[in-house]
Amino acid sequence: MGLSAQELTIGDSYSEVVVEDLTRTQIVQYAGASGDYNPVHSDEKFVTEVAGYPTVFAHGMLTMGMTGRMLTNYVGDGRLTYYGVRFVNQVWPGDTLTARAEVAALREEDGETLVDLTITTTNQDEKFVLTGNATARVD
Amino acid sequence: MAVERFPIEASHILMFARAIGDSNLIYSDDAHAASTEVGSIIAPPTFAQASAQFDPDYFLRPKDGQKWFGSGATASGTLLKDPKESKESDEKKSGSSAGGLHAEQHFTYHRHLKPGDVLSAENKPGESWEKESKRAGVLKFSESITEYRDQNGELVVTARSVGVVTEKVIEQ
């Protein structure tokens, strides 16, 4: 089931807490599933002593993946035609992230009705960690 | 990333969905998926990135017989000395030692991936540019475009990735 264009208004929004108290273990889990084993995400010794960061941090793609869950819960499965983001701040163990989508436009293209969404994901300090856009087919 | 053969498999989709904390049954339950509009298990929207698993040269995966740049006995397996004891340690503390950071990622979906698909991916470099940042010095951005095609040669996902190498570690 997708969204119904008739029931959507510009400015409508939907949000979800996509992770509470992000664990190092979930970051490791993402490394294993995605195949991105960059030690900055799991290797405390490397990341503090060589890379120079305070501790390990999440893959941008983990934040994009978790934000994608909010998106597909909102627009429905298999409805996205575009999803793009910028990683604007790092995500750290212990972070709680809230992902939000807002209806920016409704339009017709090639006989389909599409919704354009503006996406933001913020941490517990209300700091943006991800900003982006998505487009989905609606009914 | 260039990948000759990226088989889309149900168990890989399940593991990936777990890793992003998404328990949606469309990613794991055949019977549920069959009852939906989509009609079968599909992969989550960012799954194409996991093609890294099938890139033989992917540089962020330890490989047999090659030194890994993460820690073993010392903080970096590819530096001669423990950087703590080396004068070079300050130089090493640039964002580049982490192999750069991911700045942007965009996916255009021509259709959604499902188990049984066998993709190939071709990569071409895009633009590159520089920007000055207060928190991390000079930022060097570079773009790459990856086209994922299915077993019939049809374009299924187009990915645009932007990486950034920072002059220094990003101030928090």
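On a predicted model such as this, the values are computed, not experimentally measured, just so you know.

A. Summary view of the overall build of chain B. Counting its secondary structure elements, chain B contains 3 helices and 5 strands. The order of α-helices and β-strands along chain B, N terminus first, is β-α-α-α-β-β-β-β. In chain B, once contacts between residues fewer than 6 apart in sequence are set aside, the share between residues at least 24 apart is 60%. For chain B, the computed accessible surface area is about 9200 Å², with 49% contributed by carbon and sulfur atoms.

B. Spotlight on the packing of helix α1 (residues 24–34) of chain A against helix α1 (residues 10–19) of chain B. Where α1 of chain A contacts α1 of chain B, the axes come no closer than 8 Å and their chain directions differ by 155 degrees. With respect to each other, α1 of chain A and α1 of chain B are oriented roughly antiparallel. Crossing hand, α1 of chain A versus α1 of chain B: left-handed. Of the residues in α1 of chain B, those touching α1 of chain A at Gln 26, Gln 29, Tyr 30, Ala 33 and Ser 34 of chain A are His 12, Met 15, Phe 16, Arg 18 and Ala 19 of chain B. Within the contact of α1 of chain A with α1 of chain B, the residues separate by chemical class into 5 nonpolar, 4 polar and 1 charged.

C. Representation of the sheet that holds strand β2 (residues 80–87) of chain A within the structure. Read from one edge of the open sheet, 10 strands run β1(A)-β3(A)-β4(A)-β5(A)-β2(A)-β2(B)-β5(B)-β4(B)-β3(B)-β1(B), paired in antiparallel fashion. Edge positions in the sheet fall to β1 (13–19) of chain A together with β1 (3–7) of chain B, since each of these pairs with one other strand and no more. Between one strand and the next, the sheet's axes are offset by a mean angle of 20 degrees, whatever the strand orientation. The pairing of β1 of chain A with strand β3 (residues 97–109) of chain A spans 6 bridges and is antiparallel.

D. Fine view of the packing of α1 of chain A against helix α3 (residues 60–75) of chain A. Residues and elements named next belong to chain A. The contact between α1 and α3 brings their axes to 10 Å, and the two run at 95 degrees. Overall, the two elements α1 and α3 adopt an arrangement that is roughly perpendicular. The residues of α3 that touch α1, namely those facing Gln 26, Ile 27 and Tyr 30, are Met 61, Leu 62 and Met 66. Across the contact of α1 with α3, the residue classes tally to 5 nonpolar, 1 polar and no charged.

E. Structural detail: the interface of chain B and chain A. Counting residues at the interface gives 56 residues for chain B and 47 residues for chain A. Interface area, chain B with chain A, both sides summed: about 4200 Å², of which 55% is carbon and sulfur. Three residues stand out in chain B for area buried against chain A, namely Ala 19, Ile 20 and Gln 172 of chain B, and they jointly supply 12% of the buried area on that side. Counting the contacts that link chain B with chain A gives 2 salt bridges. Elements that contribute at least two residues to the side of chain B that touches chain A include exactly α1 and β2 (101–109) of chain B. Of the residues forming the side of chain B that touches chain A, the biggest block, 9 residues, is contributed by β2 of chain B. Looking at the side of chain B that touches chain A residue by residue, the class counts come to 27 nonpolar, 19 polar and 10 charged. Judged from the 5 bridges that link them, β2 of chain A and β2 of chain B form a sheet pairing that is antiparallel. Within β2 of chain B, the residue paired with Tyr 83 of chain A across the bridge is Phe 107 of chain B.

F. Structural context of α1 of chain B. All of the buried residues along α1 of chain B are His 12, Ile 13, Phe 16, Ala 17 and Ala 19 of chain B. Relative to the axis of α1 of chain B, the buried residues are bounded by an arc of 160 degrees and lie together on one face. Buried positions along α1 of chain B lie against α1 and α3 of chain A. Positive phi shows up at Gly 21 of chain B, right after α1 of chain B, with a value of about 70 degrees.

G. Quick peek at the nonpolar core. The biggest cluster of nonpolar side chains holds 61 residues, and the ones touching the most others in it are Leu 71 and Tyr 83 of chain A together with Phe 47, Leu 113 and Tyr 148 of chain B. Grouped together as the second largest cluster of nonpolar side chains are 23 residues, Val 40 and Ala 51 of chain A together with Ala 52 and Leu 101 of chain B included.

H. Representation of α1 of chain A within the structure. All of the buried residues along α1 of chain A are Gln 26, Ile 27, Tyr 30, Ala 31, Ala 33 and Ser 34 of chain A. Residues of α1 of chain A that are buried make contact with β1 and α3 of chain A together with α1 of chain B. Gly 35 of chain A occupies a position one or two residues after α1 of chain A and carries a positive phi of about 90 degrees.

Basis of the calculations
- Residues numbered from 1 in each chain as written.
- Chains lettered and ligands numbered in written order.
- Predicted model: local features only at pLDDT ≥ 70, side-chain atom pairs only at ≥ 80, totals over all residues.
- Heavy atoms only, no water.
- Helix = DSSP H or I, 4+ residues; strand = E, 2+ residues; numbered from the N terminus.
- Contact = heavy atoms within 4.5 Å.
- Areas by Shrake-Rupley, 256 points an atom, 1.4 Å probe, with all protein chains shown as cover.
- Axes fitted to C-alpha atoms, helices over the stretch in contact; angles between N-to-C directions.
- Parallel < 35°, antiparallel > 145°, perpendicular 65-115°, else oblique.
- Left-handed = near helix turned anticlockwise from the far one by under 90°.
- Nonpolar A, V, L, I, M, F, W, Y, C, P; charged D, E, K, R; others polar.
- Pairing = 2+ DSSP bridges.
- Buried area = accessible area lost by both parts, 1.4 Å probe.
- Salt bridge = Lys/Arg side-chain N within 4 Å of Asp/Glu carboxyl O.
- Buried < 20%, exposed > 50% of the residue type's maximum accessible area, 1.4 Å probe, protein only.
- Arc of directions from axis to C-beta.
- Core = buried A, V, L, I, M, F, W, Y, C linked by side-chain atoms within 4.5 Å.

Any functional reading would require information beyond the geometric quantities listed.
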